[in-house]
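As a plain string of letters, each chain reads:
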Amino acid sequence: MGPRRRAQVRHFVTDMHEPFIQVIRAATSATIVYDRFHIMKLLHRQIDEVRRRVQTRLPPPERKVVKNSRYLLLSNREDLSAKRAVRLQELLAANTDITTAYLLKEDFRALYQADAVRVARPRFRDWIRRVKESGIPELQKFVKTLKDHWRGVLAYFTSGRLSNGLAESFNN
């Protein structure tokens, strides 16, 4: 892209990979928008870390409830079959950290339903406060990442809800 074309780029949707961010900043004056999918992927990674931590600390009989539950925790509640919904209830009854992490994950997903940044910003801040109160270290790590990329996270709402989903599906 020549300088004139680069100047026309208003938004650039990306994940939080630092080399990408550096190139975008060096080449354009575009607003960086962090892709919702990639943000959720980071959160899911931390939810799975909570599950792993809890699983290793449970005695063997109780460990069975948590074992092989990764995708159950990461699935959207409304997409679960009746059988998997029951299994989720059993899993959530097994440990407080898993329950809290799962509920916070579901609440985080709902944050993206906000129709404007003025609505989203206080909701995000409230969610961050609740994560801090939870004391779950894996989620606090995610919050740090979120805060480090705050402007680009909120830019999703000012950019017309841009996503790089089409590019990602093409790459797959």
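Right above here is the structure, for reference.
I will try to describe carefully the structure that is included in this document. Everything quoted here is computed from the prediction, not taken from an experiment.

## A few points about the packing of aromatic side chains
This model, assessed by the stated rule, comprises 11 aromatic pairs. For the ring pair F108 and F142, a centre distance of 5.4 Å and an interplane angle of 85° mean the geometry is edge-to-face. With F108 in helix α7 (residues 96-111) and F142 in helix α9 (residues 137-148), this residue pair connects regions lying 34 residues apart in the sequence. Centre to centre, the rings of F124 and F157 are 6.0 Å apart; their planes meet at 75°, and the pair counts as edge-to-face. Pair noted here: F124 is in helix α8 (residues 117-134) and F157 is in helix α10 (residues 150-158), with a separation of 33 residues, a long-range link. By the burial criterion, F124 is buried, and F157 matches it.

## A closer look at the pairing of strand β1 (residues 11-14)
Judged from the 4 bridges that link them, β1 and strand β2 (residues 31-34) form a sheet pairing that is parallel. Bridged to T14 within β2 is Y34.

## What about unusual backbone geometry?
One non-glycine residue, N68, adopts positive backbone phi at about 60°. As for its placement among the helices and strands, N68 is situated in the loop between α4 (60-66) and α5 (70-74). Note on N68: relative accessible area 69%, which makes it exposed. Within the chain, R161 stands out as a residue other than glycine whose phi angle is a positive 60°. With respect to the helices, strands and loops of the structure, R161 is situated in the loop between α10 and α11 (165-171).

Analysis parameters
- Residues numbered from 1 in each chain as written.
- Predicted model: local features only at pLDDT ≥ 70, side-chain atom pairs only at ≥ 80, totals over all residues.
- Heavy atoms only, no water.
- Phe/Tyr/Trp six-rings, centres within 6.5 Å; stacked < 30°, edge-to-face > 60°.
- Helix = DSSP H or I, 4+ residues; strand = E, 2+ residues; numbered from the N terminus.
- Buried < 20%, exposed > 50% of the residue type's maximum accessible area, 1.4 Å probe, protein only.
- Pairing = 2+ DSSP bridges.

As far as function goes, none of this settles anything; it's purely spatial.
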